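Breakdown of the fold
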Amino acid sequence: MLKIAYHPIYKHPLPDGHRFPMEKYELLPQQLIHEGTCSKNNFFEPEKTNDKYIVAVHEPDYYYDLVNLTLEQRAARKIGFPLSRTLVDREVIIADGTIKASEFALKYGIAMNIAGGTHHAYTNRGEAFCLLNDQAIGARYLQQNNLAKKILIVDLDVHQGNGTAEIFQNDESVFTFSMHGKSNYPFKKEQSDLDIALENDTSDDIYLNILKATLPRLIDEQQPDFIYYLSGVDVIASDKLGKLAMSIGGCKERDHYVLQTCKNLNIPVMCSMGGGYSPNIKTIVEAHSNTYRLAQDIFF
């Protein structure tokens, strides 16, 4: 069964006019159940994870400043959300969703988190709507519990996974691959193990050709026993924070290729949703829903 992490806390209240589309976290599971792609049984509710899994990735001083709401104002502003107890709890629960989904992926081949993909969170700071790096926490959890040795992170959000790159910069057991917009945030990029920076207005054909030429070679070279997939839908042309020119159909074909590759090679894959900022919330939900539809079709 496709197992999906979801908790009501994912939809966090924000000030009026905030550009982050929090409502997608509520609408996405509703859509999947309404159309029959999923039932309530597909969803599980994560909890607040053990601090030890978080400080295995993030510096304790930073994490406990978050928990105690003592983060310096300048650092808090970089996160982009008003810092609160509920916001920090939300991030800790998202991390647990990714940890538990990673275990389900080992059992069923794939599992998902409705939220997550918080790849701008560094070891010692957060930025750009990211406080804790859920996939980094999941990767380290698997390794510390001898559930995986070599992990490949495939980050196809339109923004570079700068925090993930920094976290694993000296760690050969986790290979970081980020394919992103060249002129998108972050404007000062970190160095992933492999970065592919795409020009503005990159089309479906160019994007997919690059991906198909890259992913099989990477897997062959790295021989991962687990893959984290960050399936941001901010690659589509209508996205307010992206500069690529992909269609929803092209984004779906991207997801199909990644998930089918994992299935064919029998490599467990855990998916976090990442970004999506199109003006019409229906566009965001539809693009994200495609990832779940494909997971059901390919794996089950």
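Preceding block: the structure.
Now for a quick tour of the structure. Please read all numbers here as calculations on a predicted model, not as lab measurements.

**Side note on the overall build of the protein chain**
If you tally the helices and strands in the protein chain, you get 10 helices and eight strands. The principal-axis extents of the C-alpha atoms in the protein chain amount to approximately 45 × 45 × 40 Å. Out of the 300 residues belonging to the protein chain, those deemed buried represent 60%. Once local pairs closer than 6 in sequence are excluded, the contacts in the protein chain between residues at least 24 apart make up 74%.

**Quick look at the packing of aromatic side chains**
Aromatic ring pairs: the centre-centre distance and the angle between the two ring planes describe each pair. All told, the structure shown has 15 aromatic pairs when counted by the stated rule. On the basis of an interplanar angle of 90 degrees and a centroid distance of 5.2 Å, the ring pair of phenylalanine 20 and phenylalanine 81 is categorised as edge-to-face. Taken as a pair, phenylalanine 20 in the loop between strand 1 (3–5) and helix 1 (24–34) and phenylalanine 81 in the loop between helix 4 (73–79) and helix 5 (85–108) lie far apart in primary sequence, 61 residues in all. Seen from their ring centres, phenylalanine 20 and phenylalanine 129 are 5.0 Å apart, and the 70 degrees between their planes marks the pair as edge-to-face. Of this pair, phenylalanine 20 sits in the loop between strand 1 and helix 1 while phenylalanine 129 sits in the loop between strand 3 (110–113) and helix 6 (134–144), and the two are 109 residues apart along the sequence. For phenylalanine 20, a relative accessible area of 11% translates into the label buried. Of the residues examined, phenylalanine 129 reaches a relative accessible area of 12% and is grouped as buried.

Definitions and cut-offs
Residues numbered from 1 in each chain as written. Predicted model: local features only at pLDDT ≥ 70, side-chain atom pairs only at ≥ 80, totals over all residues. Heavy atoms only, no water. Helix = DSSP H or I, 4+ residues; strand = E, 2+ residues; numbered from the N terminus. Buried < 20%, exposed > 50% of the residue type's maximum accessible area, 1.4 Å probe, protein only. Contact = heavy atoms within 4.5 Å. Phe/Tyr/Trp six-rings, centres within 6.5 Å; stacked < 30°, edge-to-face > 60°.

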